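Each chain is listed here by its residues.
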Amino acid sequence: MQRRIWDTEMEVLDVIDKVCRENGLKYSLAYGSMIGVVRHGGFIPWDDDMDICMPRKDYDRLIELSYTWKMPYDFYCFEKDKNYLFYFGKIS
């Protein structure tokens, strides 16, 4: 099961990387995702999410792009939905 989660996370990251490259957006892995790469050569065994961060102007542009992108994932954030409870965006 864990392998399937990691495969899906990598698939989502590939899509985000493509969107960011095509639109000149900067991002990096962060928190547990970065620790996983450095310490475990991949994922932390119990980690079940992917953490990325980006400059605010690039994040704002990603929000704009999310209204029209053609991908199998949705982008959730407070800026798009005032009922969204978190201060960070999620892709699922």
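Each value, and the rule that gives it
- Residues numbered from 1 in each chain as written.
- Predicted model: local features only at pLDDT ≥ 70, side-chain atom pairs only at ≥ 80, totals over all residues.
- Heavy atoms only, no water.
- Helix = DSSP H or I, 4+ residues; strand = E, 2+ residues; numbered from the N terminus.
- Contact = heavy atoms within 4.5 Å.
- Patch = residues over 30% accessible without salt bridge, like charges linked within 9 Å, V, L, I, M, F, W, Y side chains within 5 Å.
- Areas by Shrake-Rupley, 256 points an atom, 1.4 Å probe, with all protein chains shown as cover.
- Salt bridge = Lys/Arg side-chain N within 4 Å of Asp/Glu carboxyl O.
- Buried < 20%, exposed > 50% of the residue type's maximum accessible area, 1.4 Å probe, protein only.
- Phe/Tyr/Trp six-rings, centres within 6.5 Å; stacked < 30°, edge-to-face > 60°.
- pLDDT = per-residue confidence, 0-100.

S.K.: I tried to follow the side chain of D58 on my own but got confused; where do I start?
M.R.: Secondary-structure assignment places D58 in helix α3 (residues 56-66). Setting aside residues up to four positions removed in sequence, D58 forms contacts with G24, L25 and K26.

S.K.: Even after reading the chapter, I still don't get a nonpolar patch on the surface, so can you show me in this structure?
M.R.: A cluster of nonpolar side chains, namely L85, F86, Y87 and F88, defines an oily patch on the protein surface of about 530 Å² accessible area. Within the secondary structure layout, Y87 lies in the loop between β3 (75-76) and β4 (90-91). Y87 sits in the exposed class, given a relative accessible area of 77%.

S.K.: Any chance you could explain the pattern of salt bridges here in plain terms?
M.R.: Oppositely charged side chains may form a pair once their charged atoms are brought near each other. Enumeration according to the criterion identifies 6 salt bridges in this entry. R21 serves as the salt-bridge partner of D17, at 2.8 Å between the closest nitrogen and oxygen. Placement of the pair is D17 and R21 together in helix α1 (residues 2-23), with a separation of 4 residues, close to one helical turn. What makes R21 exposed here is its relative accessible area of 65%. Residue D60 is joined to R56 by a salt bridge in which the shortest nitrogen-to-oxygen separation is 3.0 Å. Taken together, the positions of D60 and R56, both in helix α3 and 4 residues apart, correspond to about one turn of that helix. Here the residues in one salt-bridge network are R56, D60 and E79, joined through shared partners.

S.K.: Please explain the environment of I44 as it appears in this structure.
M.R.: As for its position among the elements, I44 is in the loop between α2 (31-40) and β2 (52-53). I44 sits 21 residues away from L65 along the chain, and the two C-alpha atoms are 30 Å apart.

S.K.: What is the right way to read the packing of aromatic side chains from this model?
M.R.: Summed over the entire model, instances satisfying the criterion amount to 5 aromatic pairs. Measuring from ring centre to ring centre gives 5.6 Å for Y84 and F86, while their planes differ by 70°; the resulting arrangement is edge-to-face. Under the relative-accessibility criterion, Y84 is labelled buried at 13%. Following the ring pairs from residue to residue traces out a cluster consisting of Y84, F86, Y87 and F88.

S.K.: Can you help me understand the confidence of the model for the protein in this one?
M.R.: Looking at the protein, the pLDDT average stands at 86 and 99% of residues meet or exceed 70. By mean pLDDT, the top-scoring element of the protein is α3 (94), and the lowest-scoring one is α2 (80).

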